[in-house]
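# Structural features, examined
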Amino acid sequence: MKRLLLEGTARVTWEDVAEPQLGGPQSALVRPIAVATCDLDVFVLRGAYPLPGPYPFGHEAVAEVVAVGDEVTAVSPGDRVIVPFQISCGSCGPCLRGRTGNCRSNPRMSSYGLGTMGGLEWGGLLTDLALVPHADAMLVPLPQGIDPAMVASASDNIPDAWRTVGPQLAAEPGAEVLVVGGDAGPASIGLYAVGIAVALGAARVVYLDDNDERLAIAAAFGAEPMQGPYPRKAGEFPITVDASGAEAGLRCALNSTAGDGTCTSPSLYLSDPAMPLLAMYSRCCTFHTGRAHVRPAIPQVLALVEAGFDPSIVTSQVVPWDSAAEALEAPPMKLVVTR
């Protein structure tokens, strides 16, 4: 079979490898049919994040189940499923508490398509076949009528966005939301957060950025675009999201978080930014960062899609499977590869 290998900055090639085999009675083999680039993938391909190759590429996918082990009951061959990028058993202590990104049954940070950071043994999802070791715990059936290309990022980026606004709006329905974007940040996650906040009924959603394309996407979701450099403070919002990847953007989001509010940052910082801790302390501001635990959020994301949320507004380009390598040489914000 063939799989895509990332060799280095803007360099990917197809390689021939042996097909994986069922790994036990709880495993499944799946055939990816729609694979999206994650925001981190784009940074790696552009040389902006130190995750060197070679490694099998791709970790956001909708797939078709090909074969299942004897103990698998939740899915069957022929089913279309979301494949979470994180490997999780579903039965250890962290998994039972919804912390599937820290599964204790597998090596720390085990995931598809992230090289040595996620464990090379899991491979990538831009491949003809992939092994899912805990099929019942991991795989989420794709509802009828949903285009796989629309939700290819339901493996990672869309649930990552959901955790920045979903639980917060459940705790405070109708709250106002600020999302701060930027060139150095997780662009699609910030925009998905905008769309999810609108879909969940936030009274007002403001998207701050200086990029015309991203501002237009936010407006298409129904948000209020705010263009310009990062101000010290953009107002007062019970819920804020730092998707800027910039120290000034982070401080803007934190300074704009209202009393007893919550700021969530899905951004990756390679050096420690300065934070307005005294002001945060005085306002009882909660700040959350870290990897998302995506598996528990996937059904909620799919329910939003069934209710009308359209994540494909964020998609920059859709290409056929055989064009993946060429398209990844200069990746757009959100590329989806289909077959």
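Residues numbered from 1 in each chain as written. Predicted model: local features only at pLDDT ≥ 70, side-chain atom pairs only at ≥ 80, totals over all residues. Heavy atoms only, no water.

Which entries qualify depends on this criterion: UniProt positions are given in the numbering used here, feature names are shortened, and annotations may be inferred rather than shown by experiment.
Under an unreviewed UniProt entry, the name given to the chain is Alcohol dehydrogenase catalytic domain-containing protein, and the source organism is Antrihabitans stalagmiti. Heading Cofactor (unreviewed entry) of the UniProt record for the chain holds this comment: "Zn(2+)".

### Details of the overall build of the chain
For the record, the criterion: Only DSSP runs of H or I reaching four residues or more are called helices, and only runs of E reaching two or more are called strands; each is numbered from the N terminus. Radius of gyration means the value over C-alpha atoms here, while the globule rule gives 2.2 Å times the residue count to the 0.38 power. A simple rule labels every residue: compare its accessible area, found with a 1.4 Å probe on the protein chains alone, to the largest value its type can have, and call it buried under 20%, exposed over 50%, or partly exposed in between. Contacts are assigned to residue pairs with any non-hydrogen atoms lying within 4.5 Å of each other. Only the protein chains shown count as covering a residue, and every accessible area follows the Shrake-Rupley method with a 1.4 Å probe. Positive charges are assigned to Lys and Arg, negative charges to Asp and Glu, while His and the chain termini are left out of the count. Where a charge lies is defined by one atom per residue type, namely NZ (Lys), CZ (Arg), CG (Asp) and CD (Glu).
A tally of helices and strands in the chain yields 11 helices and 16 strands. Relative to its length of 339 residues, the chain is compact, with a C-alpha radius of gyration of 19 Å against a globular reference of 20 Å. Overall, the C-alpha framework of the chain stretches about 55 × 40 × 35 Å when taken along its three principal axes. The buried share of the chain, reckoned over its 339 residues, is 55%. Across the chain, the fraction of contacts at a sequence separation of at least 24, relative to all contacts at a separation of at least 6, is 69%. In the form shown here, the chain has an accessible surface area of approximately 13400 Å², with 51% of it arising from carbon and sulfur atoms. Side-chain charges in the chain split into 21 positive and 35 negative, and the spacing between the mean points of these groups amounts to 6 Å.

### As for the sheet that holds strand S4 (residues 55–56)
In a beta sheet, neighbouring strands pair by backbone hydrogen bonds and run either parallel or antiparallel. The test is simple: For two strands to be treated as a pair, DSSP must find no fewer than two bridges joining them.
The 3 strands lie next to each other as S2-S1-S4, forming an open sheet whose pairing is antiparallel. Each having just a single partner strand, strand S2 (11–16) and S4 make up the two edges of the open sheet. Of the pairings in the sheet, the one linking strand S1 (residues 2–8) to S4 comprises 2 bridges and is antiparallel in character. The residue of S4 that forms the bridge with leucine 5 is proline 56.

### Examining the packing of helix H6 (residues 187–199) against helix H7 (residues 212–221)
Filter applied, for reference: Geometry is summarised by axes, namely lines fitted to C-alpha atoms with helices restricted to the contacting stretch, and by angles between N-to-C directions that run from 0 to 180 degrees. Orientation is classified from the angle alone, with under 35 degrees giving roughly parallel, over 145 giving roughly antiparallel, 65 to 115 giving roughly perpendicular, and any other angle giving oblique. In a left-handed crossing the near helix is turned counterclockwise from the far helix by less than a right angle, and in a right-handed crossing that turn is clockwise.
Between H6 and H7, the least distance of the axes is 9 Å, while the angle of their chain directions is 20°. With respect to H7, the element H6 is oriented roughly parallel. Taken as a pair, H6 and H7 cross one another with a handedness that is right-handed. Across the interface between the two elements, Ala187, Leu191, Val194, Gly195 and Val198 from H6 touch Arg214, Ile217, Ala218 and Phe221 from H7.

### Focus: helix H5 (residues 157–171)
Here is the rule we go by: A helix is expected to span 1.5 Å for every residue after the first. What we call the bend at a residue is the angle made by axes fitted to the seven residues finishing there and the seven residues starting there.
Between its first and last C-alpha atoms H5 spans 22 Å; for 15 residues at 1.5 Å apiece the expected length is 21 Å, and the two agree. At arginine 163, H5 is bent by approximately 40°, the largest bend along its length, and proline proline 167 sits one to four residues beyond. Most of H5 sits inside the fold, with 12 of its 15 residues counted as buried. When we look at burial in H5, the residues that qualify are Asn157, Ile158, Pro159, Asp160, Ala161, Trp162, Arg163, Thr164, Val165, Gly166, Gln168 and Leu169.

### Brief notes about the layout of surface pockets
To be explicit about the condition: The distinction between a cavity and a pocket rests on a 1 Å grid over the protein atoms alone: a 1.4 Å probe fits inside a cavity but cannot get out, while a pocket stays open yet meets protein on both sides within 12 Å along at least five of seven lines, and a residue with an atom within 4 Å of a point counts as lining. Grid points are joined across faces, edges and corners, and a volume is the space filled by probe spheres set on the points.
Taken as a whole, the largest pocket holds about 780 Å³ of empty space. For the largest pocket, the lining is made up of 39 residues, of which Leu40, Pro266, Ser267, Leu268 and Arg291 are closest to its centre. Elements with a contribution of two residues or more to the lining of the largest pocket: helix H1 (39–45), helix H3 (115–118), H5 and strand S14 (286–289).

### A closer look at the nonpolar core
What counts here: Residue types Ala, Val, Leu, Ile, Met, Phe, Trp, Tyr and Cys, when buried and joined through side-chain atoms within 4.5 Å, form a set referred to as a nonpolar core.
Within the largest apolar cluster, 48 residues are counted, with the highest numbers of intra-cluster contacts made by Ile82, Val151, Val165 and Val177. Contributions of two or more residues to this core are made by strand S3 (28–36), H5, strand S9 (177–181), H6, strand S10 (205–209), H7, strand S12 (237–243) and helix H10 (298–306). Among the elements that take part in this core, H6 stands out by supplying 8 residues, more than any other. If we skip the residues at most four places from it in the chain, valine 177 touches Val165, Leu169, Ala197, Ala202, Arg204, Val205, Val206, Phe237 and Ile239.

### Quick look at the sheet that holds strand S13 (residues 257–265)
Strand order in the open sheet made by the 6 strands is S11-S10-S9-S12-S13-S14, with parallel pairing throughout. What marks the edges here is a single partner per strand, and that holds for strand S11 (224–227) and S14. Between one strand and the next, the sheet's axes are offset by a mean angle of 20°, whatever the strand orientation. With 4 bridges connecting them, S12 and S13 associate as parallel partners. Across the sheet, the residue bridging to threonine 240 is cysteine 263, located in S13. The sheet strands contacting H5 are S9, S12, S13 and S14, and the helix crosses S12 at an angle near 170°.

### Regarding the UniProt feature "domain: Alcohol dehydrogenase-like N-terminal" (unreviewed entry) in the chain
If you check UniProt for "domain: Alcohol dehydrogenase-like N-terminal" (unreviewed entry), the listed places come out as residues 24–142 in our numbering. Counted over residues 24–142, helix gives 16% and strand 24%. Its end C-alpha atoms are 24 Å apart.

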